Amino acid sequence: MSATVVKRRVRRGFGLGLVAWLAGIVFFLPIAWMALTSFHSEADAATNPPSFTASLTLDGYREFFGTGGGASPWPALINSTVASLVSTLCVLLLALPAAYALSIRPVKKWTDVLFFFLSTKMLPAVAGLLPVYLFAKNAGMLDNIWLLVILYTSMNLPIAVWMMQSFLAEVPVAIIEAARVDGARLPVILARVVAPISLPGIAATALICFIFSWNELLFARVLTGVVAETAPVFLTGFITSQGLFLAKVCAASLVISLPVLAAGFAAQDKLVQGLSLGAVK
C-alpha cells in the first residue's frame, strides 16, 4: 500500500471523526442548555439573550418536587414506571414466540404477515383516539393505569415483532434442532436457547419499547385524569394560562428524562450489539 493511499485514508478517517464529533455536539447542546436553564431562577431563565453567568439555584427542582406547596410528581412518575415496565414485559412475552414463528419456523407468506404488523403503525394515533375513549368509558376503565398498559402493549407489539424477527433470524438453526432432539419443548427452547443467544436484540427491543411507552402523551392525556396521570401529562401542567415557567419546565424535563437516559446507559452495550446484529456476516 502506497504512502499516498495511507495518507488519504488517514485524512478521510479524521474528517469522518470530526463530522461525528460535530454532530454529537449539535445533538448534545439542547440537552446541556436545558440542564443549565434548570439551575437558573425564573427571572434569569427568561432573559433574552440568555445569561451564561447567572447565579445557580435549585428552586426549579424544589418546585417540581412539590416542596413549595405544589403537586407531588411521585404518583405520575410511579404510574409511568409501572405502565412502561409492565407493557414492555408483556410485549417481550408476546413478541418472542411470534418472531420465532416468523423467522426460525417461518409460516407461509411470512413477509405478508410482517407487512401487516408494520401497517398497523401507519394509522395516525389520533384516528383511533375516539374509539378507544368510547370503549374505555363504556368499560369503566378511564383514568386506569392498566388501560395504558394494554394500549402500550398493543402499540409497541408490531414494531417489537418486526425487530425481533430480524434478530432471531440470526440464531443458528442447528442449535435449536439439537435441543429438539434432546427432548426440549418449545417453551424451553425459547427460554434457554433462543433468548440467551438473541439477548442483545431483545435488550434493544425492550429499550425502544420502554422509551416509546415512557414518552407517550396523547392517549395518556385524554384517557387519564388524576389517578393514572403519567409523567409527560404531569409535565404539561407546568404550561398554564399564567405563562411558561421555563426553569421549572427544564428541571421537570430533565428529571423525567433521567429514567430513559439511565436505561439507555445501562443497556448501551446490548443496544449496540442488538442494533448491529446481522450487519456483518
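Cut-off values and rules
Residues numbered from 1 in each chain as written. Predicted model: local features only at pLDDT ≥ 70, side-chain atom pairs only at ≥ 80, totals over all residues. Heavy atoms only, no water. Helix = DSSP H or I, 4+ residues; strand = E, 2+ residues; numbered from the N terminus. Buried < 20%, exposed > 50% of the residue type's maximum accessible area, 1.4 Å probe, protein only. Contact = heavy atoms within 4.5 Å. Areas by Shrake-Rupley, 256 points an atom, 1.4 Å probe, with all protein chains shown as cover. Phe/Tyr/Trp six-rings, centres within 6.5 Å; stacked < 30°, edge-to-face > 60°. Salt bridge = Lys/Arg side-chain N within 4 Å of Asp/Glu carboxyl O. Expected span 1.5 Å × (residues − 1). Bend = angle between axes of the 7 residues up to and from the residue. Patch = residues over 30% accessible without salt bridge, like charges linked within 9 Å, V, L, I, M, F, W, Y side chains within 5 Å. Lys, Arg positive; Asp, Glu negative; His and termini not counted. Charge placed at Lys NZ, Arg CZ, Asp CG, Glu CD. Core = buried A, V, L, I, M, F, W, Y, C linked by side-chain atoms within 4.5 Å. pLDDT = per-residue confidence, 0-100. Axes fitted to C-alpha atoms, helices over the stretch in contact; angles between N-to-C directions. Parallel < 35°, antiparallel > 145°, perpendicular 65-115°, else oblique. Nonpolar A, V, L, I, M, F, W, Y, C, P; charged D, E, K, R; others polar.

What to know about the overall build of the chain
Point 1. Scanning the chain for helices and strands turns up 14 helices and 2 strands.
Point 2. Residues classed as buried in the chain amount to 35% of the 281 residues present.
Point 3. Long-range contacts, defined as pairs at least 24 residues apart, comprise 75% of the intrachain contacts of the chain with a sequence gap of at least 6.
Point 4. Working note: accessible area of the chain is about 16,500 Å², and carbon and sulfur atoms make up 71% of it.

Considering the packing of aromatic side chains
Point 1. Under the counting rule described, the total for this entry stands at 5 aromatic pairs.
Point 2. Between Phe 39 and Tyr 61 the ring centres are 5.1 Å apart and the planes differ by 40°, which places this aromatic pair in the tilted class. Note that Phe 39 is positioned in the loop between helix 1 (3-38) and helix 2 (42-45) and Tyr 61 in helix 3 (residues 59-64), a separation of 22 residues in sequence.
Point 3. Phe 39 gets classed as partly exposed once you look at its relative accessible area, which sits at 29%.
Point 4. Both rings, one in Phe 64 and one in Phe 234, keep their centres 5.9 Å apart while their planes meet at 75°; by these two values the pair is edge-to-face. One end of the pair, Phe 64, is in helix 3; the other, Phe 234, is in helix 12 (residues 231-236), with 170 residues separating them in the sequence.
Point 5. With relative accessibility at 0%, the residue Phe 64 sits in the buried group.

What about unusual backbone geometry?
Point 1. With a phi angle near 60°, Asp 143 is a residue other than glycine that sits in the positive phi range.
Point 2. Classification of Asp 143 by relative accessible area gives partly exposed; the value is 22%.

Quick notes on the pattern of salt bridges
Point 1. Considering all chains together, one arrives at 3 salt bridges under this definition.
Point 2. The shortest N-O distance in the salt bridge between Lys 248 and Glu 63 comes to 3.2 Å. In this pair, Lys 248 is assigned in helix 13 (residues 246-266) and Glu 63 in helix 3, connecting sequence segments 185 residues apart.
Point 3. Residue Glu 63 is classed as partly exposed on the basis of its relative accessible area, which comes to 34%.
Point 4. Between Glu 177 and Arg 180 there is a salt bridge, with the nearest N and O atoms lying 3.1 Å from each other. Here Glu 177 and its partner Arg 180 are both found in helix 8 (residues 173-181), 3 residues apart, which amounts to about one turn of the helix.

Regarding helix 13
Point 1. Helix length check: helix 13 (21 residues) gives 30 Å between terminal C-alpha atoms against 30 Å at 1.5 Å per residue, within 8%.
Point 2. Within helix 13, the axis deviates most sharply at Leu 258, by approximately 35°, and proline Pro 259 lies no more than four positions further along.

Re a positive patch on the surface
Point 1. A surface patch of like charges, here positive, comprises Arg 8, Arg 9, Arg 11 and Arg 12.
Point 2. When you line up the elements, Arg 11 lands in helix 1.

Examining the nonpolar core
Where a protein is soluble and globular, its nonpolar side chains tend to be buried together.
Point 1. If you look at the biggest cluster of nonpolar residues, it comprises 27 residues, and the most contacted ones within it are Leu 96, Tyr 100, Ile 104, Met 164, Leu 168, Ile 176 and Val 194.
Point 2. Only helix 4 (74-103), helix 7 (145-168), helix 8, helix 9 (186-197) and helix 10 (199-215) provide two or more residues apiece to this core.
Point 3. Contact partners of Ile 176, with chain neighbours within four places excluded, come to Tyr 100, Ile 104, Val 171, Ile 189, Val 193 and Val 194.
Point 4. Tyr 61, Phe 64, Phe 234 and Phe 238 belong to the second largest nonpolar core, which has 18 residues in total.

Digging into the confidence of the model for the chain
Point 1. Here the chain shows a mean pLDDT of 84. Residues at 70 or above account for 89%.
Point 2. Model confidence for the chain, summarised as mean pLDDT per element, is weakest for helix 14 (residues 268-275) at 62 and strongest for helix 11 (residues 218-223) at 93.

A word on the packing of helix 4 against helix 9
Point 1. Between helix 4 and helix 9, whose axes approach to 11 Å, the crossing angle comes to 95°. With respect to helix 9, the element helix 4 is oriented roughly perpendicular. Each of Leu 96, Pro 97 and Tyr 100 in helix 4 lies in contact with helix 9, whose residues at this interface are Leu 186, Leu 190 and Val 194.
Point 2. Considering only residue class, the contact of helix 4 with helix 9 consists of 6 nonpolar, no polar and no charged.

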